[in-house]
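What follows is the residue order along each chain.
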Amino acid sequence: ALGCGPAAPAALAALLRDSEALAVPPAPDWQAALVQALAEGDEPVGWIARRLGVSLAHASRSIRSAYGLAPQALRRELRWRRALALLAGDAPLAQIAASSGFADQSHFTRTTRLCAGLTPAALRRQINCVQDGG
């Protein structure tokens, strides 16, 4: 699930490390394709599942079993992790929001406040402080 709560600088290093990759258990090809589609777009889960030849119910059960999250929650988690990793760089916040799949910068800001307890700019400052060792 999303790691929500106040962001402590000591926890940021672990948060950044965790944002780099979601552990992917061995899965059928259709599951990997479904997760990739979730990560890369906003297509409804049912459409993705049908395109891959499985039912929505089967896809939902399988994803929940493999990742511990429903497909939509996994999509949000993947989006958040991508944005968190990008915050370590110097891209503009609006660009991070867009390239991470958020509807707009305010959607990104709401999610960041929910998950980290900070605005994206404040979280970026904390990340940079941790990365710089100070």
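Rules and cut-offs
Residues numbered from 1 in each chain as written. Predicted model: local features only at pLDDT ≥ 70, side-chain atom pairs only at ≥ 80, totals over all residues. Heavy atoms only, no water. Helix = DSSP H or I, 4+ residues; strand = E, 2+ residues; numbered from the N terminus. Buried < 20%, exposed > 50% of the residue type's maximum accessible area, 1.4 Å probe, protein only. Contact = heavy atoms within 4.5 Å. Areas by Shrake-Rupley, 256 points an atom, 1.4 Å probe, with all protein chains shown as cover. Expected span 1.5 Å × (residues − 1). Arc of directions from axis to C-beta. Salt bridge = Lys/Arg side-chain N within 4 Å of Asp/Glu carboxyl O. Axes fitted to C-alpha atoms, helices over the stretch in contact; angles between N-to-C directions. Parallel < 35°, antiparallel > 145°, perpendicular 65-115°, else oblique. Nonpolar A, V, L, I, M, F, W, Y, C, P; charged D, E, K, R; others polar. pLDDT = per-residue confidence, 0-100. Phe/Tyr/Trp six-rings, centres within 6.5 Å; stacked < 30°, edge-to-face > 60°. Core = buried A, V, L, I, M, F, W, Y, C linked by side-chain atoms within 4.5 Å.

**Student:** Can you tell me about the overall build of the protein, naming the residues and giving the values?
**Tutor:** When helices and strands are tallied, the protein shows eight helices and zero strands. Across the 134 residues that make up the protein, the buried fraction comes to 35%. Sequence separation of at least 24 residues holds for 62% of the intrachain contacts in the protein that already meet a minimum separation of 6. Summing over all exposed atoms, the protein offers an accessible surface of approximately 7,200 Å²; the carbon and sulfur share of this is 56%.

**Student:** Describe helix H2 (residues 29-40), and please don't skip the residues or the numbers.
**Tutor:** Along its 12 residues, H2 runs 17 Å from first to last C-alpha, staying within 8% of the 16 Å computed at 1.5 Å per residue. Of the residues making up H2, those classed as buried are Trp30, Gln31, Leu34, Val35, Ala37 and Leu38. Projected onto a plane normal to the axis of H2, the buried residues spread over an arc of 160° and lie on a single side. Looking at H2, the residues exposed on the side facing more than 90 degrees away from the buried face are Asp29 and Glu40. Its buried side turned inward, H2 meets helix H3 (45-51), helix H4 (56-67) and helix H5 (71-87).

**Student:** Give me the lowdown on the pattern of salt bridges, citing residues and values where you can.
**Tutor:** This structure, assessed with the given rule, holds three salt bridges. Arg51 is the partner of Glu43 in a salt bridge, and the nearest nitrogen-oxygen pair spans 2.5 Å. By relative accessible area, which is 29% here, Glu43 ends up partly exposed. A salt bridge links Arg81 to Glu77, with the nearest nitrogen and oxygen atoms 2.6 Å apart. Note that Arg81 and Glu77 are positioned in helix H5 at a spacing of four residues, about one turn of the helix.

**Student:** Let's hear about the packing of H2 against H4: which residues, and what values?
**Tutor:** At their nearest, the axes of H2 and H4 sit 11 Å apart, and the two run at 85° to each other. In terms of their interaxial angle, H2 and H4 are classed as roughly perpendicular. Along the contact surface, H2 presents Trp30, Gln31, Leu34 and Val35, while H4 presents His58, Ala59, Ser62, Ile63, Ala66 and Tyr67. Residues that form the contact of H2 with H4 fall into these classes: seven nonpolar, three polar and no charged.

**Student:** How would you explain the confidence of the model for the protein if you had to name every residue and give the values?
**Tutor:** When pLDDT is low, close inspection of the predicted coordinates is not appropriate. Averaged over all residues, the pLDDT of the protein equals 85, while 78% of them reach at least 70. Confidence over residues 1-5 falls short of pLDDT 50; this stretch has 13 contacts with residues more than four positions distant or in other chains.

**Student:** Got a sec to walk through the packing of aromatic side chains? Specific residues and values, please.
**Tutor:** All told, the structure shown has one aromatic pair when counted by the stated rule. The interplanar angle of 45° and the centroid separation of 5.2 Å between the aromatic rings of Phe102 and Phe108 together place this pair among those described as tilted. Residue classification places Phe108 among the buried residues on the basis of a relative accessible area of 0%.

**Student:** Outline the nonpolar core, supporting the account with residue identities and numerical values.
**Tutor:** Residues Leu34, Val35, Leu38, Ala59, Ile63 and Leu74 are the most contacted members of the largest nonpolar core, which totals 16 residues. Elements represented by at least two residues in this core include exactly H2, H3, H4 and H5. Ranked by the residues each element gives to this core, the list is headed by H2, at five residues. Not counting the four nearest positions on each side in its chain, Leu34 is found in contact with Ile48, Ala49, Leu52, Ala59 and Ile63. Listed in part, the 14 residues of the second largest apolar core include Ala83, Ala97, Cys115 and Ala116.

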